[in-house]
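# Structural description and commentary
Listed below, chain by chain, are the residues.
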Amino acid sequence: MEFNRSGANALMDITSRPELVFVRGQGSWLEDHNGKRYLDMIQGWAVNALGHSPQVVVDAICAQSKLVLNPSPGFYNAPAMRLAELITESSCFDTVFFANSGAEANEGAIKLARKWGRVHRQGAYKIITFEHSFHGRTLATMSASGKAGWDTMFAPQVDGFPKAILNDIESVRALVDDQTVAIMLEPVQGEAGVMPATQEFMNQLRELTHERNMLLIVDEVQTGMGRTGTLFAYEHFGIKPDIMTLGKGIGGGIPLAALCATEAASCFAHGEQGGTYNGNPVMTAAGVAVFETLTAPGFMETVNERAEQLSTGLLALSKKWGMNGERGLGLLRALKLDQHDGPAIVEAARNRNPNGLLLNSPRPELLRFMPALNVAADEIDLALSEVDAIITQVRG
Ligand SMILES: *Cc1c(COP(=O)(O)O)cnc(C)c1O
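A short tour of the structure in this document, coming up. (Residues numbered from 1 in each chain as written. Predicted model: local features only at pLDDT ≥ 70, side-chain atom pairs only at ≥ 80, totals over all residues. Heavy atoms only, no water.)

A count of helices and strands for the chain gives 14 helices and 16 strands. Residue burial in the chain is summarised as follows: out of 396 residues, 54% are buried. Pairs at least 24 apart in sequence give 70% of the contacts found in the chain among residues at least 6 apart. (Helix = DSSP H or I, 4+ residues; strand = E, 2+ residues; numbered from the N terminus. Buried < 20%, exposed > 50% of the residue type's maximum accessible area, 1.4 Å probe, protein only. Contact = heavy atoms within 4.5 Å.)

For the rest of this paragraph, the subject is helix H11 (residues 281-294). For the α-helix, the turn length of 3.6 residues means that residues three or four positions removed from each other point alike. Helix length check: H11, at 14 residues, gives a terminal C-alpha distance of 20 Å against a target of 20 Å (1.5 Å per residue), a fit within 8%. Among the 14 residues of H11, 12 are classified as buried, and the element is accordingly described as predominantly covered. Packed against the buried residues of H11 are helix H3 (55-67), helix H4 (78-89), strand S4 (95-99) and helix H12 (299-321). Here H11 starts with a cap whose side-chain oxygen sits 2.9 Å from the backbone nitrogen of Val282, and that cap is Asn280. (Expected span 1.5 Å × (residues − 1). Polar contact = N/O pair within 3.5 Å; in protein donor to acceptor, adjacent residues only side chain to side chain.)

The four strands lie next to each other as S1-S2-S3-S15, forming an open sheet whose pairing is mixed. Where the open sheet ends on each side, the last strands, each with one partner, are strand S1 (22-26) and strand S15 (356-358). Ignoring which end each strand starts from, the neighbouring axes of this sheet average 30 degrees apart. Relative to strand S2 (residues 29-32), S1 runs antiparallel, the two being bridged by four bridges. (Pairing = 2+ DSSP bridges. Axes fitted to C-alpha atoms, helices over the stretch in contact; angles between N-to-C directions.)

Of the voids in this model, the second largest pocket is the one considered here, and its volume is about 840 Å³. Among the elements of the structure, H4, S4 and strand S12 (257-261) are those that each provide at least two residues to the lining of the second largest pocket. Sort the elements by how many residues they give to the lining of the second largest pocket and S4 lands first, with four residues. Broken down by class, the residue content of the lining of the second largest pocket amounts to 15 nonpolar, 11 polar and one charged. (1 Å grid on protein atoms, 1.4 Å probe; cavity = no way out; pocket = protein on both sides within 12 Å on 5 of 7 lines; lining within 4 Å. Points joined across faces, edges and corners; volume = space filled by probe spheres on them. Nonpolar A, V, L, I, M, F, W, Y, C, P; charged D, E, K, R; others polar.)

On to the site of the ligand, then. Taken together, Ser101, Gly102, Ala103, Asn106, Phe134, His135, Gly136, Glu186, Asp219, Val221, Gln222 and Lys248 are the residues near the ligand. Taking Phe134, its main chain carries an N or O atom lying 3.2 Å from a nitrogen atom of the ligand. In the model, an oxygen atom of the ligand is placed 2.6 Å from a nitrogen or oxygen of the Lys248 side chain. Here the ligand has 380 Å² of accessible area as a free molecule, and 81% of this is covered by the chains. (Near = heavy atom within 4 Å. Areas by Shrake-Rupley, 256 points an atom, 1.4 Å probe, with all protein chains shown as cover.)

Next up on the list: the packing of helix H13 (residues 342-351) against helix H14 (residues 377-395). One way to put it is that H13 packs onto H14 with a least axis distance of 9 Å and a crossing angle of 115 degrees. As summarised for this structure, H13 and H14 are arranged roughly perpendicular, according to the angle between their axes. The handedness of the crossing between H13 and H14 is right-handed. In contact with Ala344, Ile345, Ala348 and Ala349 of H13, H14 contributes Ile390, Ile391, Gln393 and Val394. Class assignment of the residues belonging to the contact of H13 with H14 gives a composition of seven nonpolar, one polar and no charged. (Parallel < 35°, antiparallel > 145°, perpendicular 65-115°, else oblique. Left-handed = near helix turned anticlockwise from the far one by under 90°.)

So yeah, pure geometry; function would need other evidence.
Right, here's the structure in full:
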């Protein structure tokens, strides 16, 4: 297939893309317009929980699209009700609002916390977030994010997101005042390079928020839906947050996200939250298929076996090359390079023949791995041996 250059030029130029068009995918493999295959350790940035075009999701979308595409968010639809029920039955939350993206779910979380502050805390509205955090690309979620440079990029920012330092409770305490209504964090900072919150820090945040009558919000857009080896990452810490957002993996590759809240935190009045596509039945039908697969007996055990395998393999690579180890939870992991050659390794991996390997380097000294949750053992082994060969190639 010819590369469509005028089509490429017609797309708004918002990032540098390789001249590749991916035309089909199955499981852990993608195929480009030249017929070259790639082993995918990115999966749309931890989105395709069940790999590329999983049959259960394809079937759910086809079946639902023949029934009804869009009755209107002003009416109930069966898949949305079913998915909300599945999420609330499997978590500490009581109600769910479906959105189209992680950023939109986080906007909802921010609105809900501000509403709660108005009802219960005399208008307190500030939400403490963290340096290096990532919550999305809308104005409010960019303001909540702690990415370097984002404070001035589209100034002025949305007010009310003081930044603390992850795993440093004193930095949080120092920011709390009468106007602080919530603390919001990723249980494992994803875009920052797979930085997990510590158990002690999570306990301290939960204590502090209870003590000062504040909400604890977990952004599980990346860590939720089995990615870290439990259905939701907050379960690792044995705490119960008040609000959680989901995205990425929840739709298995189609645009779906969720804002989840406890009964006590669910305080929107009619008309305060909504959206044209919220709870769209095609998207939520896909979500039901993903959810039922992840929660089927044995599925999460296999995720944890693959995670162990990946972790052990990355540690061995680190040892062999004198690198700085690896970190992560479940199938969200990072190899800590000893040099800033992550981007060169990513490029060499993609260009490898006959098969390419898709990797991600969120920081120049890190390689991040986010395979499908149903990745096969021999695919993990292949990725590890390929990474070894690619490092030899890049550094040789
Ligand atoms: C990806 C991500 C988002 C944003 O999700 P979008 O669907 O891109 O809007 C928010 N929070 C975290 C932790 C993410 O990883």
